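The lines below spell out each chain.
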Amino acid sequence: MLTLNTTDLIPASFILSGVPGLEDTQLWISFPFCSMYVVAMVGNCGLLYLIRYEDALHKPMYYFLAMLSFTDIVMCSSTIPKALCIFWFHLKDIGFDECLVQMFFIHTFTGMESGVLMLMALDRYVAICYPLRYSTILTNPLIAKVGLATFLRGVLLIIPFTFLTKRLPYCRGNILPHTYCDHMSVAKLSCGNVKVNAIYGLMVALLIGGFDILCITASYTMILRAVVSLSSTDARQKAFNTCSAHICAIVFSYSPAFFSFFSHRFGEHTIPASCHIIVANIYLLLPPTMNPIVYGVKTKQIRDCVIRILSGSKDTKSYSM
């Protein structure tokens, strides 16, 4: 129900419709979503536990991985529980302020996800190009500072979204065709001028995503040059293996993001709305689900720690990178 607040129409709540056009199959859609969410929570919480308590993992690479796991937990927990409530119990109402809070967390931590992937690319660059200075360059205070800077970057750039959204008059109803409160999905319910919202959203995407992708590309260009110059085949193979898990994480994170970004701008009238919404949920769910699996499979140190814990061994030897 819409209530009048001074000169603007402010909705008391929004109604999240879920996946428009697939209402009859939403129950079936919920099962893979729920399964992926459980895997994401167990996997990322498990990684945080290992990195916290295993001395062998007290290294810069794993501190950045801990940041990524924490980000993934918050990112998917901001959306999936509410989506499951919609699919299972038809609890579609979300308060206006609650919607703004959800929007803030989603966009802040998706931005932080991108930032941490960029920091991990720089970490691999230092590890491969300056291996003897790795521990002196990436000190714990520096890791804490860049991690905090990445978080503050997201917060400071996303806060204006909430004010830009709250200032709008909403007179096109309060039914939001989505499973969560996305910035532009909410803004499109307004009868006011959303041009500023669209321009600022594009600017933030370029400032965060564009900058991070540029840094990742530059890092891997220099890594590739350094690896190719190695004379030993085994050394080249080992260098590539240290980057394989991170490359997989980049693919899982940016592939659905690029699809969602370009389809909204160039395929809005040709791609069904249900496809947009499912991909938008996969964008927030796939990286948290796959990152622990990829790092668990491809990182020997993590595999060894898991095997040692499961076998009940008390051996606390450290493992080389």
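Residues numbered from 1 in each chain as written. Predicted model: local features only at pLDDT ≥ 70, side-chain atom pairs only at ≥ 80, totals over all residues. Heavy atoms only, no water.

## A word on the packing of helix H4 (residues 96-129) against helix H8 (residues 195-228)
In the contact formed by H4 and H8, the axes pass within 9 Å of each other and the chain directions differ by 20°. Classified by the angle between their axes, H4 and H8 sit roughly parallel to one another. Remark: the crossing between H4 and H8 carries left-handed chirality. Contacts between H4 and H8 pair Gly 111, Ser 114, Gly 115, Leu 117, Met 118, Ala 121, Leu 122, Arg 124, Tyr 125, Ile 128 and Cys 129 from the former with Ile 208, Gly 209, Phe 211, Asp 212, Cys 215, Ile 216, Ser 219, Tyr 220, Met 222, Ile 223, Ala 226 and Val 227 from the latter. (Axes fitted to C-alpha atoms, helices over the stretch in contact; angles between N-to-C directions. Helix = DSSP H or I, 4+ residues; strand = E, 2+ residues; numbered from the N terminus. Parallel < 35°, antiparallel > 145°, perpendicular 65-115°, else oblique. Left-handed = near helix turned anticlockwise from the far one by under 90°. Contact = heavy atoms within 4.5 Å.)

## Focus on the environment of Ser 135
Checked against the element boundaries, Ser 135 lands in helix H5 (residues 134-137). Under the relative-accessibility criterion, Ser 135 is labelled exposed at 54%. Once the C-alpha coordinates of Ser 135 and Ile 213 are considered, the two residues, 78 residues apart in sequence, prove to be 25 Å apart. (Buried < 20%, exposed > 50% of the residue type's maximum accessible area, 1.4 Å probe, protein only.)

## A look at the environment of Asn 197
Note on placement: Asn 197 falls in helix H8. For the pair Asn 197 and Thr 179, spaced 18 residues apart in sequence, the C-alpha separation works out to 20 Å. Discounting chain neighbours no more than four positions away, the residues touching Asn 197 are Leu 164, Thr 165, Arg 167, Leu 168, His 183, Met 184 and Ala 187. Side-chain polar atoms of Asn 197 contact the side chain of His 183, separated by 3.2 Å. (Polar contact = N/O pair within 3.5 Å; in protein donor to acceptor, adjacent residues only side chain to side chain.)

## A few points about the sheet that holds strand S5 (residues 175-176)
Pairing within the open sheet is mixed, and its 3 strands lie in the order S4-S3-S5. Of all the strands in the sheet, the pair left with one neighbour each is strand S4 (93-95) and S5. Relative to S4, strand S3 (residues 13-16) runs antiparallel, the two sharing 3 bridges. Its bridge partner lying in S4, Ile 15 is registered against Asp 93. Sheet contacts for H4: S3 and S4; angle to S4, the most-contacted strand, approximately 85°. (Pairing = 2+ DSSP bridges.)

## Focus on the UniProt feature "transmembrane region" (unreviewed entry) in the protein
The feature "transmembrane region" (unreviewed entry), as annotated in UniProt, sits at residues 27-50, 62-89, 101-122, 142-164, 198-223 and 243-263 in this numbering. With 100% helix and 0% strand, residues 142-164 has end C-alpha atoms that lie 34 Å from one another. When the span residues 198-223 is considered, its composition is 100% helix and 0% strand, and the gap between its end C-alpha atoms is 36 Å. (UniProt positions renumbered as here; feature names shortened; annotations may be inferred.)

## Focus on the pattern of salt bridges
A complete count under the given rule lists 5 salt bridges for this structure. Here Arg 308 makes a salt bridge to Glu 54, at a shortest N to O gap of 2.4 Å. Remark: Glu 54 occurs in the loop between helix H1 (26-53) and helix H2 (60-77) and Arg 308 occurs in helix H11 (residues 300-311); sequence separation between them is 254 residues. You'll find Arg 308 and Glu 54 in the same group, each marked buried. Arg 153 is the salt-bridge partner of Asp 212, the closest N and O atoms lying 2.9 Å from each other. With Asp 212 in helix H8 and Arg 153 in helix H6 (residues 140-166), this residue pair connects regions lying 59 residues apart in the sequence. (Salt bridge = Lys/Arg side-chain N within 4 Å of Asp/Glu carboxyl O.)

## Here we look at the state of the cysteines
Using the criterion set out here, one finds 2 disulfides in the structure. Shown here is the disulfide that connects Cys 99 with Cys 181, its sulfur atoms set 2.0 Å apart. Since a negative S-S torsion denotes a left-handed disulfide, the Cys 99-Cys 181 link at about -125° is left-handed. Residue Cys 99 is found in helix H4, and its partner Cys 181 is found in the loop between S5 and helix H7 (183-187); the two are separated by 82 residues along the sequence. On the basis of relative accessible area, Cys 99 is assigned to the buried category, the value being 1%. (Disulfide = S-S within 2.5 Å.)

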